[in-house]
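Residue-level structure breakdown
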Amino acid sequence: MGIVVEHVSKRFGNFLAVDDVSLTIPTGSLVALLGPSGSGKSTLLRLIAGLETPDTGKIWLTGQDATHRQVQERNIGFVFQHYALFKHMTVRQNIAFGLEVRKVPKQRIKQRVETLLELVQLQGLGDRYPHQLSGGQRQRVALARALAVEPQVLLLDEPFGALDARVRQELRAWLRRLHDEMHVTTVFVTHDQEEAMELSDQIVVIHKGRVEQVGTPAEIYDHPATPFVMSFIGPVNVLPGNAGLLQRQGLDMGHGQAFLRPHDIIISTNPEEAHTPARIQRLLHLGPEVRLELTLEDGQTLMAQIDRQRFAQLQLQPHQQVYVRPREARCFPLNYSI
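Figured I'd write up the structure that's included with this text. Residue positions are given per chain, counted from 1 along the sequence in the order it is written. Per-residue local features are limited, in this predicted model, to residues with pLDDT of at least 70; the limit for side-chain atom pairs, both in listing and counting, is 80 or more; totals at the level of whole chains, interfaces and linings are taken over all residues. Only hydrogens and water are set aside when side-chain values are computed; all heavy atoms of the structure are taken into account.

Along the polypeptide, Arg74 turns up in the loop between strand S5 (64–65) and strand S6 (76–79). Of the buried charged residues, Arg74 lacks a salt bridge, with Glu73 as the closest side chain of opposite charge at 6.8 Å. Polar contacts, as used here, are pairs of N or O atoms within 3.5 Å; protein pairs need one atom able to donate a hydrogen and one able to accept it. Residues neighboring in sequence count only if both atoms are side-chain atoms. In this structure the side chain of Arg74 is engaged in a polar contact, spanning 3.2 Å, whose partner is the backbone oxygen of Leu47. Setting aside chain neighbours within four positions, we find Arg74 in contact with Leu47, Ile48, Ala49, Gly50, Leu61, Ala66, Thr67, His68 and Arg69. Secondary structure elements are defined from DSSP: runs of H or I of at least 4 residues count as helices, runs of E of at least 2 residues count as strands, and each element is numbered from the N terminus. Only protein chains enter the accessibility calculation, which uses a 1.4 Å probe; a residue is then buried when its area is under 20% of its type maximum, exposed when over 50%, and partly exposed in between. In this charge count, Lys and Arg are treated as positive and Asp and Glu as negative; neither His nor the chain ends contribute. For salt bridges, the criterion is a side-chain nitrogen of Lys or Arg within 4 Å of an Asp or Glu carboxyl oxygen. By definition, residues are in contact when any of their heavy atoms lie within 4.5 Å.

Let us now look at the pairing of strand S2 (residues 15–25). Looking down a regular strand, the side chains alternate between one sheet face and the other. In terms of strand pairing, strand S1 (residues 3–12) meets S2 through seven bridges, oriented antiparallel. Counterpart to Arg11 in the pairing with S2 is Leu16. Two strands are counted as paired when DSSP detects at least two bridges linking them.

The next point concerns the sheet that holds strand S4 (residues 56–61). Spatially, S2-S1-S4-S5 is the arrangement adopted by the four strands of the open sheet, whose pairing is antiparallel. Strand pairing shows two members of the sheet lacking a second neighbour, S2 and S5, which therefore form its edges. Its contacts with the sheet put helix H1 (residues 41–49) on S1, S2 and S4, and the angle it makes with S1 is roughly 120 degrees. In this analysis, axes come from line fits to C-alpha atoms, helices being fitted only over the stretch in contact, and the angle between any two N-to-C directions falls in the range 0 to 180 degrees.

What follows is about the environment of Val153. Positionally, Val153 belongs in strand S7 (residues 153–157). Relative accessible area serves as the criterion here: at 2%, Val153 is assigned to the buried category. Taking the C-alpha atoms as reference points, Val153 and Thr90, 63 residues apart in sequence, are found 25 Å from one another. Beyond its immediate chain neighbours, meaning those up to four positions away, Val153 contacts Ile3, Asn75, Ile76, Gly77, Val184 and Thr185.

Helices are assigned an expected span. That span is 1.5 Å times one less than the residue count. Here helix H3 (residues 106–119) is 14 residues long and its end C-alpha atoms lie 20 Å apart, about the 20 Å a rise of 1.5 Å per residue gives. Restricting attention to buried positions, one finds in H3 the residues Ile109, Arg112, Val113, Leu116, Leu117 and Leu119. All buried residues of H3 fall inside an arc of 155 degrees around its axis, so they share one side. Facing away from the buried side of H3 by over 90 degrees, the exposed positions are Lys110 and Glu118. Residues of H3 that are buried make contact with helix H2 (91–101), helix H4 (135–148) and helix H5 (165–182). Working note: the arc is built from the helix axis to C-beta atom directions.

Here we come to empty space enclosed by the protein. A 1.4 Å probe that fits but cannot get out identifies a cavity on a 1 Å grid over protein atoms alone, an open set with protein on both sides within 12 Å along at least five of seven lines counts as a pocket, and a residue lines either if it has an atom within 4 Å of a point. Grid points are joined across faces, edges and corners, and a volume is the space filled by probe spheres set on the points. Under the counting rule described, the total for this entry stands at one cavity of 30 Å³ or more. Its boundaries defined by the atoms lining it, the largest cavity holds a volume of some 60 Å³. Along the walls of the largest cavity sit Leu147, Leu154, Leu175, Leu178, His179, Met182, Val184 and Thr186, which together make up its complete lining. With four residues, the single largest contributor to the lining of the largest cavity is H5. In this classification, Asp, Glu, Lys and Arg are treated as charged, Ala, Val, Leu, Ile, Met, Phe, Trp, Tyr, Cys and Pro as nonpolar, and every other residue, Gly included, as polar. Among the residues forming the lining of the largest cavity, the class breakdown is six nonpolar, two polar and no charged.

Below you can see the structure in the form of structure tokens.
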């Protein structure tokens, strides 16, 4: 048993930050709480950590009711976005801090600190101070400090949000390898869809204080449960369900809303049966892929995406007329709020 959240709600004044959330996080898993700013994901993380107390509901950690336990009693490691390292302490002293508070024998502390320095790839930097480290190195120190006390659960609140894109990418890969080695039940908060897809075993999509969907990255992307999940996880086109583009393919979805991924739009330079004319307004080169901003004959705008090989075959240019058809689309009722 890892973490179980049972009908938990939390209100701050008139604002309902977490609204009747129930959730099970398996032992040893790496789970992302994903959602936009203000969705309640950080509040939920703080409730699990014991930094906030739920108004209603219960929180279970490793099979024990931890709803009203103090932070110190939960055996949780917590890593903040901005590191929260002690500036006057060296790297070694920062990592050792939690162990010293618990009065662990000095020799055991020394061994544990050296092991963690190697684990987080900071050998030789133990005597430096936080201001002498890069942002990525400081974040690794924060992780080592959280792991020092051998927590049953590791919680990370936007752990890479303060870092530049290249360092974020490196640390994501490093954290995944670290988790696969240690198997500590880990929950991290992010608003970055790519980060959640790359790192996690499961994604919990949160919106307006409620859980919209829980699933693997593939399940969340390929089988979104709601319009919000579909629109939040990756780019998407939203069309009327009875748009001509869909009707030509026998995909008329009535009065609902049709959601199409850009890579599910097939591009051709030759008019073919059941293809809709469109004009290229703009070409965006995105490394291995090219994004096309299109305008259909009825004025509807559309975004398509193809790989560079297909782009080279078609020899596409701005303002060129092309022909498009959807490979597939997903429909949701009009009254389904995003």
